Amino acid sequence: MKTYLECLPCMMQQALRAARAATDNEPLQKEILNRCGELIREIPMEATPPETAASVYEIVKEISGNQDAYKKQKEQHIAEAFKLLPDLREKIEASENPLNTAARIAIAGNIIDLGVHSDFNILEEVDKILDIDFGINHFEAFKKQASKSDWILYIGDNAGESVFDRLLIEQLGRKTIYLVRDQAVINDVTYQDAVDSSLDEVAEVKSSGCPSPGLILDQCNEGCLELFKTAPMVISKGQGNYEALSDCGRPVFYLLKAKCQVISEIIGVRKGDIVLELRD
């Protein structure tokens, strides 16, 4: 996916939120915005939004000296998600279609996105998503592919959401490799975040080698590229991974909530819709 003009003010909003999370020093915050403004003026519009966002967050790290601006928020979101696990497991077990319910809960976790907003209620989001229709619903294809796949490549998105991913992995009942970011960027899940989310108990956690908030294939390590090429089934969580992979040329199941108008229009859904889409 290319960068659209509407993405540019969003990048500056992300820069401001990240600057304030990284440092209380207002002159440094202003310096971050100055540098990001210069960056955005020069970015190629054919670049994907995660590629541009990665450069924004590198500027934040460089100027503030803070390598993980959202560390406390990630820890908080993981802890909050763990508190919900018993109730969520009950919802899944009581459901007529446990796999479908687990997929919905995993998508509900996608609301934990500090690149888009910082004001959300996880429990309210779960309850709402369990009762609404999908904007795009390729669940039957999802279920069929999972049933015949020896193993699954699952591309993680945000910390906290990662706890909900565990519930879906449990229901899939297949060997799963869970890909994470190579380093801290926004609140995306890193190796340590995945371990803190207990994903290592249900999946093999691997770093993609990619530092961007989306799986940019030409930034990935060789191991990740081989996994992506050979996986019988690929599950991609969140908008950033969709932006990075939607033109990748292989079948991928995208699970996300459409949180911006650009993504909504590209996918063909309303803003706020939940999506389970198989895209070739």
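Use the structure listed above.
Since the structure is predicted, the reported quantities are computational estimates derived from the model, not experimental observations.

**Brief notes about helix α1 (residues 7–22)**
Three or four residues apart is the spacing at which side chains of an α-helix point the same way, because the helix has 3.6 residues per turn.
Part 1 of the argument: End to end, α1 covers 22 Å across 16 residues, agreeing with the expected 22 Å (1.5 Å per residue, within 8%).
Part 2 of the argument: Where α1 is concerned, the buried positions are Cys7, Leu8, Met11, Gln14, Ala15, Ala18, Ala19 and Ala22. Considered in projection along α1, the buried side chains sweep an arc of 135 degrees and stay on one side of the axis.
Part 3 of the argument: Of the surrounding secondary structure, the elements contacted by the buried residues of α1 are α2 (26–42) and α3 (49–64).

**Here we look at the pattern of salt bridges**
Part 1 of the argument: In the structure shown here, the tally under the stated rule is 15 salt bridges.
Part 2 of the argument: The closest approach of N and O atoms between Glu75 and Lys71, which form a salt bridge, is 2.5 Å. Taken together, the residues Glu75 and Lys71, both in helix α4 (residues 71–94) and four residues apart, mark about one turn of the helix.
Part 3 of the argument: Overall, Lys71 belongs to the partly exposed group, its relative accessible area being 42%.
Part 4 of the argument: Two residues, Glu170 and Arg89, come together in a salt bridge whose shortest N-O distance is 2.8 Å. Of this pair, Glu170 sits in helix α8 (residues 161–172) while Arg89 sits in helix α4; the two residues are 81 residues apart in sequence, bridging distant segments of the chain.
Part 5 of the argument: Because the salt bridges share partners, they merge into one network encompassing Arg89, Arg166, Glu170 and Glu201.

**A look at the nonpolar core**
Part 1 of the argument: If you look at the biggest cluster of nonpolar residues, it comprises 44 residues, and the most contacted ones within it are Phe142, Phe164, Leu168, Tyr178 and Leu255.
Part 2 of the argument: Setting aside its immediate chain neighbours within four residues, Leu168 contacts Leu99, Ala102, Ala103, Ala106, Phe142, Tyr154 and Leu255.
Part 3 of the argument: With 28 residues, the next largest nonpolar core counts Phe228, Tyr242, Ile267 and Val275 among its residues.

**Quick notes on the packing of aromatic side chains**
Part 1 of the argument: The final tally for this structure, using the stated rule, is four aromatic pairs.
Part 2 of the argument: Seen from their ring centres, Phe142 and Phe253 are 5.4 Å apart, and the 85 degrees between their planes marks the pair as edge-to-face. In this pair, Phe142 sits in helix α7 (residues 139–148) while Phe253 sits in strand β6 (residues 252–257), placing the two residues 111 residues apart along the sequence. For the residue pair Phe142 and Phe253, the accessibility class agrees, reading buried in each case.

**Quick look at the sheet that holds β6**
Part 1 of the argument: As summarised here, the arrangement of the seven strands in space is β1-β7-β6-β5-β2-β3-β4, forming an open sheet in which the pairing is mixed. On the outer flanks of this sheet lie β1 (134–137) and β4 (204–207), each paired with one strand and no other. Pairs of neighbouring strands in the sheet enclose a mean axial angle of 20 degrees, with direction left out of account.
Part 2 of the argument: Of the strand pairs in this sheet, strand β2 (residues 151–155) and strand β5 (residues 234–237) are connected by three bridges, and their pairing is parallel. Looking at β5, one finds that Tyr154 is bridged to Ile235.
Part 3 of the argument: Lying over the sheet, α7 contacts β1, β5, β6 and β7 (274–279), oriented at roughly 130 degrees with respect to β6.

Rules of the game
Position numbers for residues start from 1 in each chain and track the written sequence from start to end. In keeping with the model being predicted, local features are shown solely for residues with a pLDDT of at least 70 and side-chain atom pairs are shown and tallied solely at 80 or more, while totals for entire chains, interfaces and linings include all residues. Excluded from the side-chain calculation are hydrogens and water; included are all heavy atoms of the structure. Note on conventions: DSSP H or I runs of at least 4 residues are helices, E runs of at least 2 residues are strands, and numbering of each starts at the N terminus. Expected span of a helix, by definition, is 1.5 Å for each gap between consecutive residues, and there is one gap fewer than residues. Categorising residues by exposure relies on relative accessible area from a 1.4 Å probe, with only protein chains included: less than 20% of the type maximum marks a residue as buried, more than 50% marks it as exposed, and the intermediate range marks it as partly exposed. Note: the arc covers the axis-to-C-beta directions of the helix. The contact rule is simple, with two residues in contact once any of their heavy atoms fall within 4.5 Å. We count a salt bridge whenever a side-chain nitrogen from Lys or Arg sits within 4 Å of a carboxyl oxygen from Asp or Glu. Put simply, a nonpolar core is a bunch of buried Ala, Val, Leu, Ile, Met, Phe, Trp, Tyr and Cys residues held in one set by side-chain atoms that sit within 4.5 Å of each other. Any two of the Phe, Tyr and Trp rings considered here, Trp counted by its six-membered ring, make a pair once their centres fall within 6.5 Å; the pair's planes then place it as stacked at under 30 degrees, edge-to-face at over 60, or tilted in between. In this analysis, strands are considered paired if DSSP registers two or more bridges between them. Between the N-to-C directions of two axes lies an angle of 0 to 180 degrees, each axis being a line fitted to C-alpha atoms and, for a helix, fitted only over the stretch in contact.

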